[in-house]
Amino acid sequence: QWYQRRVAITAGNSMPWKALPYSERDRKASLSKKFKVSGIPTLVILDPSGAIITKDGRTQIDGDPEGANFPWVPPEVKDVLGTEFMSKDGKTVTLSELEGHHIAVYFSAHWCPPCKTFTPNLAKVYTTLKDKGVKLEIIFASSDKNEEEFDEYYKEMPWLALPYVDRERKLKLSQKFGVTGIPCLVVLGPDLEIVNPNARNRVSNDLEAAEFPWGAKPLINLDEDPSNINDYVSVLFVKGEGMDEGAAKAMMDKLSASGQEYINKAKISKEDPEFMFFFSNSASGKVTSSVIDAMEGAAQADRPVLVVLDIPEGGKYSVVETDNPTPDMIDTVLEDYKAGKLTMKQLN
């Protein structure tokens, strides 16, 4: 009823709150980018200091039409994860028994083809880590259509699960972690802090589990894991085939250090990193080639490329005009981007 009243008010062009002037398109675009708005209606709720309370105020209000839970502070992970899970033999395992473990919540379903491909790989990684004595447990949160499908699919899995009948807990977990598609593997640390909101690609590219627990990576191979490039302003370095190895390593080291700096800042502010950092070994890489082809004039394979990509801002980019990028250019291009000094072009 509350939501319907708001719709009616909106339709009557009489919202009882403040607004950005319509002419301030750049300001609106900046807010959309900051909060990673991908669809509307979206309601972002901030506390008096400007810190984010929730980016999913719409769902909170839909479930609380009288506003009894204002300001709709999301529950802690421990409050939605619950304290009891089912094991393969039907016994109950408690959260206290998992103390000191990394916990991964696996959102998946029998009817989902990508899930059917990913599950055996995840099982291999899980077994590898268990054999090494690593404290890890995975909890299956099913999106199957019925309990029979759940039972059949769970036979393929060696880990714990939420009981299928506990639909409300599964829904709250999906909302808490912002799950919009499956398969999704949310990795939690022993303190239940989110280590990775979706480690699917990281696991798929690390079947020996060498990078467990797949936390934020300061420098990412674009051709192995492009999953974040659509959501963040990114710096991409493409090695030229003729680039000196020492010079390439210096660039990679600086990019990695910059990436870690922004990850650390994000942890302190409890917000998303301001920038993501990517590299590619070749302009002909399976993902990199698509990015390069979308720019004016194809890059030459023997020359390195340093580019700022702002895909959230409608697919913009700016190439650093040099045949020999150096580490000092990275800080310069970041500061120039922040100051609005870069000439941004449109990706084709």
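Coordinates for the structure precede this section.
Please read all numbers here as calculations on a predicted model, not as lab measurements. (Residues numbered from 1 in each chain as written. Predicted model: local features only at pLDDT ≥ 70, side-chain atom pairs only at ≥ 80, totals over all residues. Heavy atoms only, no water.)

Draft legend 1. Expanded view of the pairing of strand 8 (residues 184-188). Extensive coverage of strand 8 is indicated by the burial of five of its five residues. The side-chain alternation of strand 8 yields two buried faces, one formed by Cys184, Val186 and Leu188 and the other by Leu185 and Val187. Of the pairings in the sheet, the one linking strand 5 (residues 102-108) to strand 8 comprises five bridges and is antiparallel in character. Each bridged residue has a counterpart across the sheet, and for Tyr106 the counterpart in strand 8 is Leu185. The sheet contact formed by strand 8 and strand 9 (residues 194-196) spans two bridges and is antiparallel. (Buried < 20%, exposed > 50% of the residue type's maximum accessible area, 1.4 Å probe, protein only. Helix = DSSP H or I, 4+ residues; strand = E, 2+ residues; numbered from the N terminus. Pairing = 2+ DSSP bridges.)

Draft legend 2. Main features of the nonpolar core. Membership of the largest hydrophobic core comes to 28 residues, with the highest contact counts inside it found for Tyr106, Leu122, Phe140, Trp159, Leu185, Val203 and Trp214. Where this core is concerned, the elements lending two or more residues are strand 5, helix 5 (113-131), strand 6 (136-142), helix 6 (147-154) and strand 8. In terms of residue count, the dominant contributor to this core is helix 5 (seven residues). Apart from the residues lying within four places of it in its own chain, the contact partners of Phe140 are Tyr106, Ser108, Phe150, Tyr153, Tyr154, Met157, Trp159, Leu160, Ala161 and Leu162. (Core = buried A, V, L, I, M, F, W, Y, C linked by side-chain atoms within 4.5 Å. Contact = heavy atoms within 4.5 Å.)

Draft legend 3. Molecular detail of the sheet that holds strand 11 (residues 233-238). Sheet architecture is open: six strands sit in the order 10-12-11-13-14-15, paired in mixed fashion. If you trace the sheet from one side to the other, it starts and ends with strand 10 (220-221) and strand 15 (345-346), each paired once. In terms of strand pairing, strand 10 meets strand 12 (residues 275-280) through two bridges, oriented parallel. Across the sheet, residue Asn221 finds its bridge partner in strand 12, namely Phe279. Packed on one face of the sheet, helix 11 (residues 328-338) meets strand 11, strand 12 and strand 13 (305-310) and runs near 25° to strand 13. (Axes fitted to C-alpha atoms, helices over the stretch in contact; angles between N-to-C directions.)

Draft legend 4. Representation of the packing of helix 9 (residues 245-269) against helix 11 in the model. Viewed as axis vectors pointing N to C, helix 9 and helix 11 meet at an angle of 45°, and their least axial separation amounts to 10 Å. Of the possible angle classes, the one that applies to helix 9 and helix 11 is oblique. From helix 9, Met251, Lys254, Leu255, Ser258 and Tyr262 reach across to helix 11, where they touch Ile330, Asp331, Leu334 and Lys338. (Parallel < 35°, antiparallel > 145°, perpendicular 65-115°, else oblique.)

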